[in-house]
Amino acid sequence: MTMQLDKFLKNIALSACNICGSTAFRDGPGGRRFNGIPPTCEKCGSLERHRALRSIFNRLDTSLFTDLIALQFSLDPSIDEKWFRRCDRSIYGKRNSYDLQKIPLPVGAYDVVVCNHVIEHVEDDRAAFTELCRITSTRGFAFVSVPNPAERQKTADWGYPNPKDHGHYRVYGVDIVDRIKAYLPDTWCVMIKDTDPVTRREDIGFILSKARLWHDLPIRLGMRAKSVNKVAA
Ligand SMILES: [Zn+2]
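Because the structure is a prediction, the values reported are computed rather than measured.

Next up on the list: helix α2 (residues 48-60). Its 13 residues place the ends of α2 19 Å apart at the C-alpha level, agreeing with the 18 Å of an ideal helix rising 1.5 Å per residue. The buried fraction of α2 is high, at 10 of 13 residues.

Below, the structure is given as structure tokens:
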């Protein structure tokens, strides 16, 4: 009886949204569920990936960001603007709609640049990765994620926005790490895996930085982090 109660309480604890604290969820787009659990938070609208990425940031210790200025491409709840001294947004077709392949900002314009699920929408991802790191200052890092790269080995690049895949130019596989290494040989990169506390779905984010600190930190903190690129001294 006690064990059943423990299990019940554990399930309740697992089911809270780590962004807004809500425990009410509804089915995802197209009635989607994961592990039989509806993934959309009723209160904040977050999905599995938002909460998995939020877990990464929470473990990194967001108090480190209080003096940093951030830019987020597209609006998603994986980060909280209150963590930063200032947080600007570039929203496609709206506010500050920057072209990722040619961002009209100077070198090091922002300390933290967050770009979740955007790079698959641009034609030239080499330019996008390069630009993201160019506008990131030496104090901080760029954070990049793409849809489910762990689900396939090789990236399929269509060379056009595929209407059968949400208008994405490509679907990334595990070999995204080879692209990052080739595109950004002078940038430290660490890959971090974390889990949505609601559905237990995993997701991956990449930290790219001129500073070794941000490459080493997740590894030192014992996060599920793996070095992708080291820069020769
Ligand atoms: Zn929520």
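Quick look at the packing of helix α3 (residues 125-134) against helix α4 (residues 176-183) now. To describe two helices that pack against each other, one gives the angle between their axes and the distance between the axes. At a minimum axis separation of 10 Å, α3 and α4 run at an interaxial angle of 65°. For α3 against α4, the interelement crossing comes out right-handed. On α4, the residues touching D125, R126, F129 and T130 of α3 are I176, R179, I180, A182 and Y183. Partitioned by chemical class, the residues of the contact of α3 with α4 number five nonpolar, one polar and three charged.

Looking at the metal site, the zinc ion is ligated by C17 (SG), C20 (SG), C41 (SG) and C44 (SG), spaced 2.3 to 2.4 Å from it. Coordination at the zinc ion comes from four donor atoms whose angles at the metal span 96 to 116°, giving a geometry best classed as tetrahedral. The sequence pattern formed by the donor residues of the zinc ion is C-x2-C-x20-C-x2-C. Residue C20 is found in the loop between α1 (2-14) and β1 (25-26), and its partner C44 is found in the loop between β2 (40-41) and α2; the two are separated by 24 residues along the sequence. Judged by relative accessible area, C20 falls into the partly exposed class, the value being 23%. C44 sits in the partly exposed class, given a relative accessible area of 29%.

Pairing between strand β7 (residues 156-162) and strand β8 (residues 168-171): three bridges, direction antiparallel. Counterpart to A156 in the pairing with β8 is V171. Linking two consecutive strands that pair antiparallel, namely β7 and β8, is a turn of five residues; a positive phi of about 55° is found at H166 within it.

A word on the pattern of salt bridges. Per the stated rule, a full pass over the model turns up 19 salt bridges. A salt bridge links D67 to R85; the shortest N-O distance between them is 3.3 Å. Remark: R85 occurs in the loop between β3 (69-73) and β4 (86-90) and D67 occurs in the loop between α2 and β3; sequence separation between them is 18 residues. One connected set of salt bridges, linked through shared partners, spans R32, E48, E151 and R201.

Analysis parameters
Residues numbered from 1 in each chain as written. Predicted model: local features only at pLDDT ≥ 70, side-chain atom pairs only at ≥ 80, totals over all residues. Heavy atoms only, no water. Helix = DSSP H or I, 4+ residues; strand = E, 2+ residues; numbered from the N terminus. Expected span 1.5 Å × (residues − 1). Buried < 20%, exposed > 50% of the residue type's maximum accessible area, 1.4 Å probe, protein only. Axes fitted to C-alpha atoms, helices over the stretch in contact; angles between N-to-C directions. Left-handed = near helix turned anticlockwise from the far one by under 90°. Contact = heavy atoms within 4.5 Å. Nonpolar A, V, L, I, M, F, W, Y, C, P; charged D, E, K, R; others polar. Donors = N, O, S within 2.8 Å, 3.2 Å for Na, K, Ca; no water. Tetrahedral: all angles 85-135°; square planar, octahedral: opposite > 155°, others 65-115°. Pairing = 2+ DSSP bridges. Salt bridge = Lys/Arg side-chain N within 4 Å of Asp/Glu carboxyl O.

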